[in-house]
Amino acid sequence: MSLTNEPTPGELVIVTGMTGAGRSTAAKELEDLGYFVVDNLPPTLVRDVVRLVDDSRGIHQPIAVVVDVRSGSFFDSLQANRHQQVTGRPTTLLFLEATDEVLVRRQEAARRPHPLQGGGRLLHGLQRERGVMADLRGDADVLLDTSNFNVHQLQDRIAELFGTAASTRLKVTVISFGFKYGIPVDADWVADMRFLPNPHWIPELRPQNGRDPDVSAYVLSQPGAGQFLEQYLPVLRTVAEGYLAEGKRFMQVAVGCTGGKHRSVAMTEAIAGLLRDAGYDVSTAHRDLGRE
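Since we're looking at a predicted model, the values are computed, not measured.

A.B. asks: Help me get a handle on the sheet that holds strand S4 (residues 91–97), residues and values and all.
C.D. replies: With parallel pairing, five strands are arranged side by side in an open sheet as S2-S3-S1-S4-S5. Only two strands of the sheet have a single partner each, and these edge strands are strand S2 (36–38) and strand S5 (142–145). The mean inter-strand angle of the sheet, taken between neighbouring strand axes irrespective of direction, is 20°. Relative to S4, strand S1 (residues 12–17) runs parallel, the two sharing six bridges. In the sheet register, Val 15 faces S4, and the bridge partner there is Leu 94. Helix H5 (residues 122–139) rests against S1, S4 and S5 of the sheet, and its axis sits at about 140° to S4. Relative to S5, helix H6 (residues 151–162) is tilted by about 165°, and along the sheet it contacts S1, S4 and S5.

A.B. asks: Quick rundown of the packing of aromatic side chains? Include the residues and the values.
C.D. replies: Given two aromatic rings, their pairing is described by the distance between the two centres and the angle made by the two planes. Scanning the entire structure with this criterion turns up four aromatic pairs. Judged by centre distance (6.0 Å) and plane angle (50°), the ring pair of Phe 195 and Phe 228 falls under tilted. Linking Phe 195 in the loop between strand S7 (189–192) and helix H7 (213–220) with Phe 228 in helix H8 (residues 225–245), this pair joins segments that are 33 residues apart in sequence. Counting every residue linked through ring pairs, the aromatic cluster contains Phe 195, Phe 228 and Tyr 232. The ring of Phe 179 is capped by Arg 194, whose NZ or CZ atom sits 3.7 Å from the centre of that ring.

A.B. asks: So what's going on with the packing of helix H1 (residues 23–32) against H6? Residues and values would help.
C.D. replies: One way to put it is that H1 packs onto H6 with a least axis distance of 9 Å and a crossing angle of 50°. Judged on the interaxial angle alone, H6 and H1 are oblique. Relative to H6, H1 is oriented so that their crossing is right-handed. Touching Thr 25, Ala 26, Glu 29 and Leu 30 of H1 are Val 151, Leu 154, Gln 155, Ile 158, Ala 159 and Phe 162, all from H6.

A.B. asks: Explain the nonpolar core to me, using residue names and the numbers behind them.
C.D. replies: Inside soluble globular proteins, nonpolar side chains tend to come together where they are buried. Counting residues in hydrophobic clusters, the biggest one holds 43 residues, and the most contacted among them are Val 13, Val 15, Leu 30, Val 65, Leu 94, Ile 158 and Phe 162. Ignoring any residue separated from it by four or fewer positions in sequence, one finds Val 13 in contact with Leu 30, Tyr 35, Ile 63, Ala 64, Val 65, Thr 92, Leu 94 and Phe 162. Residues Leu 170, Leu 236, Met 267 and Ala 272 belong to the second largest nonpolar core, which totals 31 residues.

A.B. asks: Could you give an account of the confidence of the model for the protein chain, with specific residues and numbers?
C.D. replies: When the pLDDT values of the protein chain are averaged, the result is 87; 89% of them are 70 or greater. Scored below 50 in pLDDT, residues 1–5 makes zero contacts in the model with residues more than four places away or belonging to other chains.

A.B. asks: Can you tell me about the side chain of Ser 283, naming the residues and giving the values?
C.D. replies: Tracing the backbone through its elements, the reader meets Ser 283 in strand S9 (residues 281–286). In this structure the side chain of Ser 283 is engaged in a polar contact, spanning 2.6 Å, whose partner is the side chain of Glu 160. Excluding residues within four positions of it along the chain, Ser 283 makes contact with Glu 160, Val 172, Thr 173, Val 174 and Arg 276.

Calculation criteria
- Residues numbered from 1 in each chain as written.
- Predicted model: local features only at pLDDT ≥ 70, side-chain atom pairs only at ≥ 80, totals over all residues.
- Heavy atoms only, no water.
- Pairing = 2+ DSSP bridges.
- Helix = DSSP H or I, 4+ residues; strand = E, 2+ residues; numbered from the N terminus.
- Axes fitted to C-alpha atoms, helices over the stretch in contact; angles between N-to-C directions.
- Contact = heavy atoms within 4.5 Å.
- Phe/Tyr/Trp six-rings, centres within 6.5 Å; stacked < 30°, edge-to-face > 60°.
- Lys NZ or Arg CZ within 6 Å of the ring centre and 35° of its normal.
- Parallel < 35°, antiparallel > 145°, perpendicular 65-115°, else oblique.
- Left-handed = near helix turned anticlockwise from the far one by under 90°.
- Core = buried A, V, L, I, M, F, W, Y, C linked by side-chain atoms within 4.5 Å.
- Buried < 20%, exposed > 50% of the residue type's maximum accessible area, 1.4 Å probe, protein only.
- pLDDT = per-residue confidence, 0-100.
- Polar contact = N/O pair within 3.5 Å; in protein donor to acceptor, adjacent residues only side chain to side chain.

Okay, structure coming up:
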């Protein structure tokens, strides 16, 4: 409980990332969630926007600003302002990205050139953009890969991340995946469950998945499963506390097996349950479940 009568400042979300990765969709969803949204804002004006919103709507009003590659040379000022916390608001830098193949397809479908392609190919513009945005990507609080998202899935993810008031609690997402489909690029930690026997080779378990009680019981009863959970949770808690100390409020833990159906799903649910019991704000996702 606060010891003062001062209102809690609303969150400031800075939305940036690759052209075609979903910045406009994210901005619209944030607006629907009650954020005051400003699109295509030069980073040098972020502080001015916050001051104007503070004066007109009060400091409790959450704000989202969208910054794209056209801001180029102003990115240094954006990062400096964030690190110096000049706005006085809890600030999250959201970086949206996707694979080159997906970005090219989306841009071609929209029949729009890339702002940096000049007279060259669209792919060359994307490669230049990745270079310009590299430092921001590395500094992001939330790195969201939208390659496999449709519009509604991206909206749901933004609502999950920013649909509540700013909190000092760490938000942890535990996501299962199949190695044969690739490791999630936005994962902070990756655990490999392929050291456990695969339920796929048991006929009665094969059609089920890791959320089904029989599969979960089988996976968690295997030698090494309990020891892994017992030793992995303290590691995650140590990292989580370090993230909070560094001002990071989001952590994504990826748990993989061969196809993302049995072992990774069961262990994802087990890890999430232990983290919830430890007091963390936890959500789960099963990226490749049903994909086979």
